[in-house]
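Fold and contact review
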Amino acid sequence: MFTIEHEFDATVITLIDEGGDMPLTGDITITAFEDCVTVDQTDPDSDETVRITLSLTQMADLAAALNLPEGSYRITRREA
């Protein structure tokens, strides 16, 4: 399950772990700002939140990587 909220300066997506065959993990909150994307997850045991910040270039690389086979790649970006 997930939620999407549009705030003043960001879009916030929350991925909720509903279980399955694996033990539950903490929900993941993805916040997309104008210049970066953050991914936060709170450890349910310690209540400590870990944050990863990705640049928009890193996000574009991640999106491309999800559809490519194993290997090393460099994406050439064109100026708009």
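Here the structure is shown first, and the text comes after it.
First, a word on what this report is: a plain description of the structure on this page. Keep in mind that what you see is a predicted model, and the values were worked out from it rather than measured. (Residues numbered from 1 in each chain as written. Predicted model: local features only at pLDDT ≥ 70, side-chain atom pairs only at ≥ 80, totals over all residues. Heavy atoms only, no water.)

Looking only at helices and strands, one finds one helix and five strands in the chain. Seen in sequence order, the chain has helices and strands lined up from the N terminus as β-β-β-β-β-α. Taking 80 residues into account, the globule formula puts the C-alpha radius of gyration at 12 Å, and the chain, at 15 Å, lies well above it. Seen along its three principal axes, the alpha-carbon backbone of the chain occupies a region of about 45 × 35 × 20 Å. Expressed as a percentage of contacts within the chain between residues at least 6 apart in sequence, the contacts between residues at least 24 apart total 1%. On the chain, roughly 6,900 Å² of surface is accessible, and the fraction owed to carbon and sulfur atoms is 54%. (Helix = DSSP H or I, 4+ residues; strand = E, 2+ residues; numbered from the N terminus. Rg over C-alpha atoms; globule rule 2.2 N^0.38 Å. Contact = heavy atoms within 4.5 Å. Areas by Shrake-Rupley, 256 points an atom, 1.4 Å probe, with all protein chains shown as cover.)

A few words on the pattern of salt bridges. Summed over the entire model, instances satisfying the criterion amount to one salt bridge. Close ionic contact of Arg51 with Asp40 constitutes a salt bridge, the shortest N to O distance being 2.7 Å. Residue Arg51 is found in strand S5 (residues 49–55), and its partner Asp40 is found in strand S4 (residues 36–42); the two are separated by 11 residues along the sequence. What makes Arg51 exposed here is its relative accessible area of 56%. Overall, Asp40 belongs to the buried group, its relative accessible area being 13%. (Salt bridge = Lys/Arg side-chain N within 4 Å of Asp/Glu carboxyl O. Buried < 20%, exposed > 50% of the residue type's maximum accessible area, 1.4 Å probe, protein only.)

Now for unusual backbone geometry. In this structure, Asp47 is a non-glycine residue whose phi angle is positive, near 65°. Secondary-structure assignment places Asp47 in the loop between S4 and S5. Owing to a relative accessible area of 62%, Asp47 belongs among the exposed residues under this scheme.

The next point concerns the sheet that holds S4. Strand order in the open sheet formed by five strands is S1-S2-S3-S4-S5, with antiparallel pairing between adjacent strands. If you trace the sheet from one side to the other, it starts and ends with strand S1 (2–6) and S5, each paired once. If you compare each strand with its neighbour and ignore which way they point, the axes differ by 15° on average. Where strand S3 (residues 28–32) and S4 come together, five bridges link them in antiparallel fashion. Each bridged residue has a counterpart across the sheet, and for Thr29 the counterpart in S4 is Asp40. (Pairing = 2+ DSSP bridges. Axes fitted to C-alpha atoms, helices over the stretch in contact; angles between N-to-C directions.)

Note that all results are geometric; they support no functional claim without further evidence.
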